[in-house]
Amino acid sequence: MIEHNPHDASGQLSGYLYQVLSALLLLLESRNPDSQLCIEKFDDVAFVEKDKPQIMIQIKHQLYRQGSLSDTSTDYWRTIKSWCDCIKNNGNLKDTTDFVIITTAKAQDNSIAFYLQNMFSRDWKKALEIMRQVACSNASKTNKIYYDAFKSLDDKQQEDLVKHIYVCDMSPNIGAIRESIMPYVRVITLQPFEERVYEKIVGWWIISAIQCLISEEPVFISYRQLQKKMNDIGGEYKADSLPIDVDPYYQPTDHELDQLPPENRIFIEQLGLIAISNSRLKRCIRDYYNAYRQRSQWVREQLLFINDLEKYENRLVDEWNRLFLIMKEDMEDYGDQLPENQKQIAGRKLFGEIENLSLPIRSNVPDPFIMRGTYHELANRLVVGWHVDFMDRLCKLLRG
């Protein structure tokens, strides 16, 4: 039996992640083009208008147990104190702001939380009556500071606060919140790409949330901004789309290049035959490495099938063959007397013409590194080459 780790922080960490994902879901559900929210500035999450919070939201998540929403719940009263402090610091807040608790716990019948639900049972006056009774009569030392904060408000302030409190209980936990977000994903993409699009949207959202956290000034994420990003991501995944997921400018490290087997380095020998410069060689290695990673990912995700890749390679080989025959024809007048440096110059010219071709793998995937990297893969297999004698030269070298 595995012993419980006393330092296990999974519950706390899941709470932070739940807060971030809940913020995403809340903005999606707002459906208001003018909505914008921020995280951890005014509250856990706050909807803001003209730099002032209109809805302040506390998010409570329980991972391993059913959270408490009793009349003496410490979580509930701690939240009340937080809002009481806000009201004292900003007297106008209570008149313009709603206060919301989103929790995975269940409100008990006839409790404070029960009467503050946004449902037929809502009775904020009854909730206020119970809150005043609890704050004045309960002897809990743990909650005393929270009760005192509530009692420090005058009767009108207490009424205005409780009138604007809404409890959303039994919210989906972190394991289920994905299913609440997915309907918004399905609107912008096709079924085979749902998971990938979801992962990209959540990844972007987490990065945006981090910017909210590290900024000294409030950072707002708007509904329009979210919708644009979702549409951009969804637009990358269509029936004939091949989204670019790798960084085309990534320069592989020496360690990564050392992992390439010898048969994947033949293209470097091909470029050596035409005496290409070292700086240009680095760019070619970059194109090969990144195109190899991107093509492999397309195949793994079944966005590109092997026969599709073969058809594309055949197009590239056919165009290379046309230009290669032109180069050979230009050299025939010299016979066997053509010096090596002239062969190298002709090979570099051919390679430059190949690099400047525009032969995208799909019409909506114009990124040139895919074509250039695929040519290097063909060069690995000696299907194409740049030096007029590349086949003889490399066959001798490889046999050696």
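Residues numbered from 1 in each chain as written. Predicted model: local features only at pLDDT ≥ 70, side-chain atom pairs only at ≥ 80, totals over all residues. Heavy atoms only, no water.

## Notes on the packing of helix H14 (residues 306–331) against helix H16 (residues 368–380)
The test is simple: Helix axes are fitted to C-alpha atoms over the stretch in contact, other axes to C-alpha atoms as well, and angles between N-to-C directions run from 0 to 180 degrees. A helix here means a DSSP run of H or I that spans at least four residues, while a strand means a run of E at least two residues long, and both kinds are numbered starting from the N terminus. Each angle is binned into one of four classes, with values under 35 degrees roughly parallel, values over 145 roughly antiparallel, values of 65 to 115 roughly perpendicular, and all other values oblique. Residue contacts are defined here by distance: any two heavy atoms, one from each residue, within 4.5 Å place the two residues in contact. For this classification, the nonpolar set comprises Ala, Val, Leu, Ile, Met, Phe, Trp, Tyr, Cys and Pro, the charged set comprises Asp, Glu, Lys and Arg, and every other residue, Gly included, is treated as polar.
Between H14 and H16, whose axes approach to 10 Å, the crossing angle comes to 80°. The angle between H14 and H16 falls in the class roughly perpendicular. Contacts between H14 and H16 pair Tyr312, Glu313, Leu316, Val317, Glu319 and Trp320 from the former with Met371, Thr374, Tyr375 and Leu378 from the latter. Each residue belonging to the contact of H14 with H16 can be placed in one class, and the counts come to seven nonpolar, one polar and two charged.

## Details of unusual backbone geometry
Residue Glu40 is not a glycine yet carries a positive backbone phi of 65°. Checked against the element boundaries, Glu40 lands in the loop between strand S1 (36–39) and strand S2 (45–49). For Met170, which is not glycine, the phi dihedral falls at a positive 55°. In this structure, Met170 sits in the loop between strand S5 (165–168) and helix H8 (177–186).

## Focus on the nonpolar core
Cut-off, in case you're wondering: We define a nonpolar core as any set of buried Ala, Val, Leu, Ile, Met, Phe, Trp, Tyr and Cys residues linked to one another through side-chain atoms lying within 4.5 Å. Using a 1.4 Å probe on the protein chains alone, a residue whose accessible area is under 20% of its type maximum counts as buried, one over 50% counts as exposed, and one in between counts as partly exposed.
Of all hydrophobic cores here, the largest spans 86 residues; its most connected members are Trp205, Trp320, Ile361, Tyr375 and Trp386. With near-sequence residues (within four places) excluded, Ile361 lies in contact with Leu242, Trp298, Leu304, Leu309, Tyr312, Arg315 and Ile370. Trp124, Ala135, Tyr146 and Ala149 belong to the second-largest nonpolar core, a separate cluster that totals 33 residues.

## Some words on the pattern of salt bridges
We apply this condition: The salt bridge definition used is simple: a Lys or Arg side-chain nitrogen within 4 Å of an Asp or Glu carboxyl oxygen.
Evaluated as defined, the whole model comprises 23 salt bridges. Between Lys151 and Asp148 there is a salt bridge, with the nearest N and O atoms lying 3.7 Å from each other. Taken as a pair, Lys151 and Asp148 lie in helix H6 (residues 144–151) at a separation of three residues, close to a single helical turn. The partly exposed category is assigned to Lys151, whose relative accessible area is 39%. Since its relative accessible area comes to 31%, Asp148 is described here as partly exposed. Between Glu195 and Arg178 there is a salt bridge, with its nearest N and O atoms 2.0 Å apart. Of this pair, Glu195 sits in helix H9 (residues 194–214) while Arg178 sits in helix H8, and the two are 17 residues apart along the sequence. On the basis of relative accessibility, which here comes to 38%, the residue Glu195 falls in the partly exposed class. Linked by salt bridges that have partners in common, Arg196, Glu199, Lys200, Glu236 and Asp245 make up one network.

## Description of the packing of aromatic side chains
Rule in force here: Stacked, edge-to-face and tilted are the three classes for Phe, Tyr and Trp ring pairs, Trp counted by its six-membered ring, which pair at centre distances within 6.5 Å; planes under 30 degrees apart are stacked, over 60 edge-to-face, the rest tilted. By definition here, charges over rings are those cases where NZ of Lys or CZ of Arg is within 6 Å of the ring centre and within 35 degrees of the ring normal.
Summed over the entire model, instances satisfying the criterion amount to 15 aromatic pairs. Taken together, a centroid distance of 4.8 Å and an interplanar angle of 85° make the contact between Trp77 and Tyr147 edge-to-face. With Trp77 in helix H2 (residues 74–89) and Tyr147 in helix H6, this pair connects stretches of sequence that are 70 residues apart. Given the relative accessible area of 2%, Tyr147 is considered buried. Within the aromatic cluster, the residues linked to one another by ring pairs are Tyr76, Trp77, Tyr147 and Phe150. Sitting above the plane of the Tyr166 ring, Arg122 keeps its charged end 3.9 Å from the centroid.

## A word on the side chain of Ser171
Quick reminder of the rule: Whenever a nitrogen or oxygen atom comes within 3.5 Å of another N or O atom, the pair is scored as a polar contact, on the condition that within protein one atom can donate a hydrogen and the other can accept it, and that pairs from neighbouring residues in sequence are kept only if both atoms are in side chains.
Considering the arrangement of structural elements, one finds Ser171 in the loop between S5 and H8. In this structure the side chain of Ser171 is engaged in a polar contact, spanning 3.4 Å, whose partner is the backbone oxygen of Cys168. In this structure Ser171 touches Tyr18, Ile102, Thr103 and Thr104, once residues within four positions along its chain are discounted.

## Section: the confidence of the model for the protein chain
Going by this rule: The pLDDT value expresses, per residue, how confident the predictor is, ranging between 0 and 100.
In this model, the protein chain carries an average pLDDT of 88, and 94% of its residues clear a pLDDT of 70 or more. Within the protein chain, the lowest mean pLDDT, 67, falls on helix H3 (residues 93–96), and the highest, 96, falls on H16.

## A short note on the sheet that holds S5
For clarity, the threshold we go by: By this definition, two strands are paired if DSSP reports at least two bridges between them.
With mixed pairing, the six strands of this open sheet are ordered in space as S5-S4-S3-S2-S1-S6. Since the sheet does not close on itself, it has two edges, and those belong to S5 and strand S6 (221–222), each with one partner. Summarising the sheet, S1 and S2 pair through three bridges and their orientation is antiparallel. For Cys38, the partnering residue across the bridge sits in S2 and is Ala46.

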